[in-house]
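Residues per chain are reported as follows:
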Amino acid sequence: MFTAIFGSFEAGIIYAIMALGVYLSFRILDFPDLTVDGSFVTGAAISAMLIAGGTNPFLATIIALFAGFAAGCMTGLLHTFGKINNLLSGILMMIALYSINLRIMGRSNIPLLNTDTAFTKISGFFEKTGIDSFFNNILTKVGLGDSLPETWGILIFMIVVTFVIKFLTDLFLKTEIGLAVRATGDNKRMIRSLSANTNLLVVLGLGLSNALVAFSGALIAQQGGFADVGMGIGMIVIGLASVIIGEALFGTKTIARTTFAVIGGSIIYRIVVTLALRVDFLDPGDMKLITALIVILALTTPKIIEGSKERKRKARRRIEKTNIMQTSGQGKGDHHVTIKSNS
């Protein structure tokens, strides 16, 4: 059980980068960008091809990030300059990227199992430092020696990388350009009246969003040991689930808190899916169904809770109003009795 939860936590922190990208497009720009399903694979495909060709895996991952930025910018250009509906522009780019990804890969699947990736280098480095043995000794002492993870290096490294990206995102959204992007998502007409180029802001926002998505795809390909042309199917739903779960559990009072909530939501989502798949009557093929159910619960539960609270508030107001009326009526009755007794 511990190994399964550890693996889901590790995957969740990598997928959190993708979820941050989805947050930028859906929450900040208010843009339903379905390019995510394609740009995720683009990042995986480019990094896998470059790594298999002998390129430094860290450099390959950075190149995948820029490829995702280009894909997002193309979606933005289709919407702003092509005057295509935002939803349709994302769908068109997602379809186009399927063929582009096949062209990049040359085939439907690229294995990386016997290739030196960023994570194999990180694992080797942490093994030399003795950190793995230190944590594994602690687990052995507490009785978890039969379920030790292969390495702690990937988890520690990804926590650092993900939170660096989170803090950079927070800083960007507080800059002048970042505030303009946020204003564009809130009220495009208003920000346009202030002579801001909303078209450029939309393109920039979508580019940054898909850059994070492609970066996450490149890391997932290296973690899983393969890149597949179909690995991005339903990725937008996973990103939305992470955003919605995080916002429901941790709140959205500030940008910093919201981006932290997105990361937390991604981790919780992966853990819930892992635990659900351990149920006997569920199969790995049910993962998409589980994802849909989690999103449905995340969307409906806050509304049900809020509706229940609202009904309780209304009932409390009715009781208070009835008590006031009864008190008022009793006061009038006492007043009449006093008048009669005086007369």
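Anything mentioned here points back to the structure above.
Residues numbered from 1 in each chain as written. Predicted model: local features only at pLDDT ≥ 70, side-chain atom pairs only at ≥ 80, totals over all residues. Heavy atoms only, no water.

## Let's talk about the overall build of the protein
The cut-off we apply is this: Each helix corresponds to a stretch of at least 4 residues labelled H or I by DSSP, and each strand to a stretch of at least 2 residues labelled E; elements are numbered beginning at the N terminus. Throughout, radius of gyration means the C-alpha value; the globule benchmark is 2.2 Å times the number of residues raised to the power 0.38. For every residue, the accessible area obtained with a 1.4 Å probe (protein chains only) is divided by the maximum for its type, and the residue is called buried under 20%, exposed over 50%, and partly exposed between those limits. Only the protein chains shown count as cover for residues, and the accessible areas themselves come from Shrake-Rupley with a 1.4 Å probe. Only four residue types enter the charge count, namely Lys and Arg as positive and Asp and Glu as negative; His and the chain termini do not. The atom standing in for a charge is NZ when the residue is Lys, CZ when it is Arg, CG when it is Asp and CD when it is Glu.
Within the protein one finds 13 helices and two strands. Its C-alpha radius of gyration of 26 Å places the protein more than 25% over the 20 Å reference for a compact globule of 343 residues. By principal-axis analysis of the C-alpha atoms, the protein measures approximately 110 × 60 × 40 Å. Across the 343 residues that make up the protein, the buried fraction comes to 43%. On the protein, roughly 17900 Å² of surface is accessible, and the fraction owed to carbon and sulfur atoms is 66%. Taking the average location of the 30 positive side-chain charges in the protein and that of its 21 negative ones, the two points are 12 Å from each other.

## What to know about a nonpolar patch on the surface
For the record, the criterion: Patch building starts from residues that exceed 30% relative accessible area and form no salt bridge, then joins like charges within 9 Å and nonpolar side chains (Val, Leu, Ile, Met, Phe, Trp, Tyr) within 5 Å. Any carboxyl oxygen of Asp or Glu that lies within 4 Å of a side-chain nitrogen of Lys or Arg is treated as forming a salt bridge with it.
A cluster of nonpolar side chains, contributed by Val160, Val164, Leu168 and Leu171, occupies part of the molecular surface with about 380 Å² of accessible area. Here leucine 171 falls in the exposed class, since its relative accessible area comes to 57%.

## Digging into the packing of helix 2 (residues 36-52) against helix 4 (residues 86-105)
So the rule is basically this: Only the stretch in contact is used when a helix axis is fitted, and all axes are lines through C-alpha atoms; the angle between N-to-C directions ranges over 0 to 180 degrees. When describing relative orientation, an angle under 35 degrees is termed roughly parallel and one over 145 degrees roughly antiparallel, while 65 to 115 degrees is termed roughly perpendicular and anything else oblique. The contact criterion used is simple: two residues touch if any of their non-hydrogen atoms lie within 4.5 Å. Residue polarity follows a fixed list, in which Ala, Val, Leu, Ile, Met, Phe, Trp, Tyr, Cys and Pro are nonpolar, Asp, Glu, Lys and Arg are charged, and the others, Gly among them, are polar.
At their nearest, the axes of helix 2 and helix 4 sit 9 Å apart, and the two run at 10° to each other. Of the possible angle classes, the one that applies to helix 2 and helix 4 is roughly parallel. Note on element contacts: helix 4 touches helix 2 through Met94, Leu97, Asn101, Ile104 and Met105, opposite Asp37, Gly38, Ser39, Val41, Thr42, Ala45, Ile46 and Met49. Tallied by class, residues from the contact of helix 2 with helix 4 come to eight nonpolar, four polar and one charged.

## Side note on unusual backbone geometry
A positive phi angle is found at aspartate 30, which is not glycine, with a value near 55°. On the secondary structure map, aspartate 30 appears in the loop between helix 1 (2-28) and helix 2. Aspartate 30 sits in the exposed class, given a relative accessible area of 53%. Within the chain, lysine 83 stands out as a residue other than glycine whose phi angle is a positive 60°.

## Some thoughts on the side chain of threonine 35
By the secondary structure assignment, threonine 35 is in the loop between helix 1 and helix 2. Other than its neighbours up to four places away in sequence, threonine 35 contacts Ala71, Thr75, Gly90, Met93, Met94, Leu97 and Asn210.

## A word on the packing of aromatic side chains
As a reminder of what qualifies: Classification of ring pairs uses Phe, Tyr and Trp, with its six-membered ring standing for Trp, and accepts pairs whose centres are within 6.5 Å; under 30 degrees between planes counts as stacked, over 60 as edge-to-face, and the remaining range as tilted.
Counted under the stated rule, the structure contains six aromatic pairs. Ring centres of tyrosine 15 and phenylalanine 40 lie 6.1 Å apart, and the angle between their planes is 5°; on these two criteria the pair is classed as stacked. Taken together, the positions of tyrosine 15 in helix 1 and phenylalanine 40 in helix 2 put the pair 25 residues apart, joining distant regions of the chain. Like tyrosine 15, the residue phenylalanine 40 is buried in the burial classification.

## Remarks on the pattern of salt bridges
For the structure shown, the criterion picks out four salt bridges. Here glutamate 247 ties to arginine 27 by a salt bridge, and the two come within 2.9 Å at their closest N and O atoms. Of this pair, glutamate 247 sits in helix 11 (residues 235-250) while arginine 27 sits in helix 1, and the two are 220 residues apart along the sequence. We note a salt bridge from aspartate 116 to lysine 121, for which the minimum N-O separation is 3.1 Å.

## Looking at the environment of phenylalanine 125
Summarising the element assignment, phenylalanine 125 is placed in helix 5 (residues 118-129). Residue phenylalanine 125 is classed as exposed on the basis of its relative accessible area of 52%.

## Looking at the side chain of serine 209
The cut-off we apply is this: In the analysis that follows, any N or O atom pair within 3.5 Å is treated as a polar contact, provided that within protein one partner can donate a hydrogen and the other can accept it, and provided that, for residues neighboring in sequence, both atoms belong to side chains.
On the secondary structure map, serine 209 appears in helix 10 (residues 198-224). A residue is classified by how much of its surface remains accessible, and serine 209, at 0% relative accessible area, is buried. Within the local environment of serine 209, its side chain forms a polar contact with the backbone oxygen of glycine 21, the two atoms lying 2.5 Å apart. Contact partners of serine 209, with chain neighbours within four places excluded, come to Gly21, Val22, Leu24 and Ser25.

## Focus: a positive patch on the surface
Side chains of Lys309, Lys312, Lys314, Arg316, Arg317 and Arg318 sit close together on the surface and give a patch of like positive charge. Looking at where lysine 312 falls in the secondary structure, it is placed in helix 13 (residues 287-342).

## What to know about the nonpolar core
This is how it is decided: Residues enter a nonpolar core if they are buried and are Ala, Val, Leu, Ile, Met, Phe, Trp, Tyr or Cys, with the set joined through side-chain atoms within 4.5 Å.
Formed by 71 residues in total, the largest nonpolar core has its most connected members in Ile17, Met18, Phe40 and Met158. Look past the residues within four positions of isoleucine 17 in its chain and what remains in contact with it is Met158, Val161, Thr162, Ile165, Leu212, Phe215, Ser216 and Leu219.

## A closer look at the environment of phenylalanine 135
Mapped onto the secondary structure, phenylalanine 135 falls in helix 6 (residues 131-141). Judged by relative accessible area, which is 29%, phenylalanine 135 ranks as partly exposed. Residues contacting phenylalanine 135, with those up to four places away along its chain left out, are Trp152 and Ile156.

## Quick notes on helix 6
In an α-helix, one full turn covers 3.6 residues, which means residues spaced three or four apart are oriented alike. This is how the line gets drawn: Here the arc refers to the set of directions running from the helix axis out to each C-beta atom.
Restricting attention to buried positions, one finds in helix 6 the residues Asp132, Asn136 and Leu139. Buried residues of helix 6, viewed axially, fall in a sector of 55°; they line one side. Remark: glycine 143 follows helix 6 within two positions and exhibits a positive phi of approximately 90°.

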